[in-house]
Structures are given as C-alpha cells and as structure tokens.
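Geometric and topological summary
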Amino acid sequence: MKQRFITPLLALALLSGTALADASYVRREEVRTFVRTMEEKHGFDGGEVLAALDRARHEPDVIRLISPSGSPGVRSWQRYRARFLDSARIGGGVAFWQEHAATLQAAHERYGVPPEIVVAIIGVETHYGRNTGNFETLSALATLAFDYPPRAPLFLRELENLFLLAREQQRDLFSYYGSYAGAIGYPQFLPSSIRSYGVDFDHSGTIDFDLEPTDAIGSVARYLAEHGWVRDELVAEPARIASEADLQALIDAGIKPMLSPEQLAQAGVTSLDGTLRAAPATLVDLATPDTGTEYWLGYQNFYTITRYNKSSFYAMAVFELSQALREQQKAETARVE
C-alpha cells in the first residue's frame with residue numbers, strides 16, 4: 001500500500017497540460033528516476049512526489065553560494081577565528097548556557113559531551129539560533145540534487161531523506177527552511193542527520209529544531225557521542241616544535257589521530273611542558289599569512305568535532321570558543337556567588 005507523506009496535492013491536475021509544459025523538473029528523466037525510487041523503495045505515491053517536485057523552484061543563489069570561488073582567497077586561521085571569537089558570540093553563548101543550563105547538563109550526563117562544546121557548536125553554526133537560514137529546504141535540495149553535478153549524489157540522498165523525514169514527522173514537506181545546503185534549524189542538521197541522530201529531548205512527541213533548542217542540544221550531544229566523543233578526555237593542546245623538526249610527514253598523515261607519542265617525539269614535537277600523552281594524536285597546523293603557523297596536538301575529541309564539519313579550522317574555532325565560554329561562565333558564576 002502506498003503511503004502519503006502530506007495531504008493530497010492534486011497531482012493529476014498539476015501534471016496535465018500547461019502545468020507539465022511549464023514544469024522545471026517533472027519532465028527530466030533523472031527526476032522520474034528519483035520518483036520511481038521513492039515509489040519502489042519507500043512506498044510513496046509517485047504522483048504526489050512528482051507534484052511536490054513540480055512545486056520546487058530552481059534556486060540560482062543556492063548554486064552561487066555552494067560553488068567554489070573562481071579566485072579563492074588565501075586561508076587564514078586568524079581571519080577565520082575572528083568570525084567566532086568575538087564578544088557578541090561569547091556573551092551570547094554564556095546567556096544561552098545560562099538559559100538552558102539544565103538541558104545542557106542533562107545532555108552531558110547522558111552523552112558525556114560538556115555543555116561548552118554543545119553551546120560552541122550551536123554558536124558557530126547559527127549564532128545560537130539567530131541565523132538558521134531562509135531557503136525552502138525542498139527547493140534547495142532539489143536544486144543541488146538535479147542541477148549541481150559535482151555533489152549530486154550527496155544531495156539526492158538528502159532529498160530522499162527530506163521526503164522520509166516529512167512523512168515520519170507528519171509535517172508539510174514545504175514547511176522546512178534552512179541553509180542553502182539544506183541544513184535545518186539550531187544545529188544545522190541535514191535531513192539524514194535528523195533521522196539518524198535527532199533526539200526528542202524534551203519528550204514533546206516530535207523533534208523540533210526550529211522553535212527552541214532543547215532537541216538541538218540533545219541531538220548535538222548524541223551526534224558527537226556516536227561519532228567517537230570520549231567523556232572527560234582532552235580535545236587539543238598547543239604543541240612545542242623543535243627548531244630542527246621536519247613536520248610535513250606529520251601534517252600529511254591527516255586529521256585522524258594516528259601519530260604515536262614515539263613518532264611525535266622522534267620528529268621533535270611535544271606538548272608545551274615537553275611531555276606527550278599516552279594517546280595517538282594529529283598535528284594540527286593553523287596557518288595565517290605573514291604570521292607564524294600555530295601548531296596543536298589534536299586528540300580523539302578534536303577529530304570527533306571534525307565529523308560535524310570536516311575542517312581543522314572549524315574544530316579549533318569550536319574548541320577555542322568553548323574554552324572562552326567556560327571561562328566566562330565561571331566568572332559570571334563567581335560574581336553571582
């Protein structure tokens with residue numbers, strides 16, 4: 001039996017005559033292949049899927065925003081860092097932490113992820129819910145799935161997951177809004193991540209990432225826990241580099257912590273106090289033009305943050321923001337006491 005994900009959309013009327021001739025997507029073979037997949041794999045009504053895609057709009061701004069720049073700038077850690085380590089982001093994060101302290105503590109107890117890390121991720125992603133995006137998610141994902149070949153397979157899967165998410169949540173498919181890349185709500189989860197890692201943390205009966213952050217807090221903590229977060233372990237620490245150290249092979253080893261203490265010591269790399277933890281690490285290089293490169297030792301929890309966004313700059317911005325939030329939170333608490 002076919003399952004309906006939204007109320008009937010008058011599919012036959014939409015797909016007949018002039019409507020079909022004017023449609024942006026419905027005549028395309030790859031779209032019809034997607035519709036057949038939704039029918040055969042998931043039991044959707046094909047007419048309704050096609051009618052929904054007929055209503056989807058091609059979004060030129062989505063293509064413009066996701067496309068690599070024709071003249072990319074030089075990467076700069078200090079410029080990137082300044083976007084997130086400012087007084088507004090730190091002050092807003094402390095206020096967010098104080099307002100949702102009980103929820104953050106509950107997430108910490110269940111998943112082992114400290115409150116400051118969860119707050120920092122939400123702060124970096126959406127400035128604590130202020131900037132969640134205003135692109136209609138269906139149109140954004142359809143544009144990327146059918147009109148952006150470099151990443152079409154990824155976004156085709158996310159389009160599939162959006163239909164499934166709407167059916168599971170019994171929600172209007174056109175009610176989802178978010179970033180140009182299809183990420184939704186406070187935590188900027190893609191539809192597949194909502195389905196896999198979303199938590200109804202307030203026990204309301206549905207996962208809501210739009211109106212308030214309780215579910216987002218629980219879901220960010222769960223995401224990190226299921227991607228390898230280790231409770232009570234260090235994220236990263238500054239590295240001391242010997243003057244004769246040859247670092248290229250260490251950097252080329254990648255972001256996953258695979259370098260043993262012996263390898264690091266042999267290459268002339270230690271922590272600032274001259275010791276090394278008995279744990280594998282990655283050597284993180286944070287380059288800024290015309291300034292000395294910062295080097296850090298990143299551990300499993302640093303790598304876990306990169307599973308949210310595959311960038312060492314991103315992970316370090318989250319970590320440094322989390323530390324600033326923790327220190328400010330301590331200062332605020334001390335003043336109250």
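Notes on the structure in this doc start here. Everything quoted here is computed from the prediction, not taken from an experiment. Numbering of residues starts from 1 in every chain and runs along the sequence as written. For a predicted model such as this one, the threshold for reporting local features is a pLDDT of at least 70, and the threshold for listing and counting side-chain atom pairs is 80 or more; totals across whole chains, interfaces and linings nevertheless cover every residue. Side-chain numbers here rest on the full set of heavy atoms in the structure, without hydrogens or water.

To continue, consider the overall build of the protein chain. The helix and strand tally for the protein chain stands at 17 helices and six strands. Once the C-alpha set of the protein chain is aligned to its principal axes, its extents read approximately 75 × 50 × 35 Å. A simple rule labels every residue: compare its accessible area, found with a 1.4 Å probe on the protein chains alone, to the largest value its type can have, and call it buried under 20%, exposed over 50%, or partly exposed in between. Across the 337 residues in the protein chain, those meeting the buried criterion constitute 50%. Whether two residues are in contact is decided by their heavy atoms, any of which lying within 4.5 Å being enough. For the protein chain, the share of sequence-separated contacts (at least 6 apart) that also reach a separation of at least 24 residues comes to 71%. Per-residue accessibility takes into account occlusion by the displayed protein chains alone, with areas from the Shrake-Rupley method and a 1.4 Å probe. If you sum the accessible surface of the protein chain, you get close to 16,100 Å²; carbon and sulfur atoms cover 50% of it. Numbering goes from the N terminus for both helices and strands, where a helix is a DSSP run of H or I of at least four residues and a strand is a run of E of at least two.

Here the idea is plain: a probe the size of a water molecule rolls over the atoms and shows the empty space left. In this analysis a 1.4 Å probe is tested at points of a 1 Å grid over the protein atoms alone, and where it fits but cannot get out there is a cavity; an open set with protein on both sides within 12 Å along at least five of seven lines is a pocket; lining residues have an atom within 4 Å of a point. Grid points are joined across faces, edges and corners, and a volume is the space filled by probe spheres set on the points. Taken as a whole and assessed by the stated rule, the structure comprises one cavity of 30 Å³ or more. Each pocket or cavity is described by its volume, and for the largest cavity that value is around 50 Å³. Along the walls of the largest cavity sit L165, Q169, R171, Y176, I184, I194, I207, D208, F209 and D210, which together make up its complete lining. A per-class count over the lining of the largest cavity returns six nonpolar, one polar and three charged. For this classification, Asp, Glu, Lys and Arg are treated as charged, while Ala, Val, Leu, Ile, Met, Phe, Trp, Tyr, Cys and Pro are nonpolar and the rest, including Gly, are polar.

One non-glycine residue, Q170, adopts positive backbone phi at about 50°. With respect to the helices and strands, Q170 occurs in the loop between α11 (152–169) and β2 (177–178). Positive phi values are uncommon outside glycine, yet D232 reaches one of about 65°. One can find D232 in the loop between α13 (214–226) and β3 (236–241).

Pairing within the open sheet is antiparallel, and its four strands lie in the order β4-β3-β6-β5. What marks the edges here is a single partner per strand, and that holds for β4 (269–271) and β5 (282–288). With strand direction ignored, the average angle separating the axes of adjacent strands in the sheet is 40°. Looking at chain direction, β3 and β4 are connected through three bridges and run antiparallel. What sits directly across from A239, in β4, is S271. Axis angles are defined between N-to-C directions and span 0 to 180 degrees, where every axis is a line fitted to C-alpha atoms and, for a helix, only to the segment in contact. Relative to the sheet, helix α17 (residues 312–336) contacts β3, β5 and β6 (291–298), its axis offset from that of β5 by approximately 90°. When DSSP finds two or more bridges between two strands, those strands count as paired.

This next bit is on the pairing of β3. Regular strands place their side chains on alternate faces of the sheet. Pairing of β3 with β6, which is carried by three bridges, proceeds in the antiparallel orientation. Across the sheet, residue E237 finds its bridge partner in β6, namely L297.

At a closest axis distance of 10 Å, the pairing of helix α9 (residues 115–126) and α13 adopts a crossing angle of 105°. As the angle between them shows, α9 and α13 are arranged roughly perpendicular. Within the contact between the two elements, α9 uses I117, V118, I121 and I122 and α13 uses A216, I217, V220, A221 and L224. Within the contact of α9 with α13, the residues separate by chemical class into nine nonpolar, no polar and no charged. If an angle is under 35 degrees, it is roughly parallel; if it is over 145, roughly antiparallel; if it lies from 65 to 115, roughly perpendicular; otherwise it is oblique.

Further remarks concern the nonpolar core. Counting residues in each nonpolar core, the largest one holds 88 residues, and the members touching the most others are L53 and F163. Examining the composition of this core, we find that nine residues originate from one element, α17, more than from any other. Contact partners of L53, with chain neighbours within four places excluded, come to Y25, V31, F34, V35, L138, A142, F146, L159 and F163. What we call a nonpolar core is a set of buried Ala, Val, Leu, Ile, Met, Phe, Trp, Tyr and Cys residues that are connected through their side-chain atoms within 4.5 Å. Listed in part, the eleven residues of the second largest apolar core include A239, L264, A281 and L297.

With that out of the way, let us pick up the pattern of salt bridges. Between side chains of opposite charge, pairing is possible as soon as their charged atoms come close. Whenever Lys or Arg places a side-chain nitrogen within 4 Å of a carboxyl oxygen from Asp or Glu, that contact is recorded as a salt bridge. One pass over the structure, following the stated rule, counts 15 salt bridges. Between K41 and E160 there is a salt bridge, and its shortest N-O distance comes to 3.1 Å. Of this pair, K41 sits in helix α3 (residues 29–42) while E160 sits in helix α11, and the two are 119 residues apart along the sequence. Between E332 and R335 there is a salt bridge, and its shortest N-O distance comes to 2.7 Å. Of this pair, E332 and R335 both sit in helix α17, three residues apart, which is roughly one turn of the helix. Bridged by salt links that share partners, the residues R28, E30 and D147 form one connected network.

Structural measurements only, silent on function.
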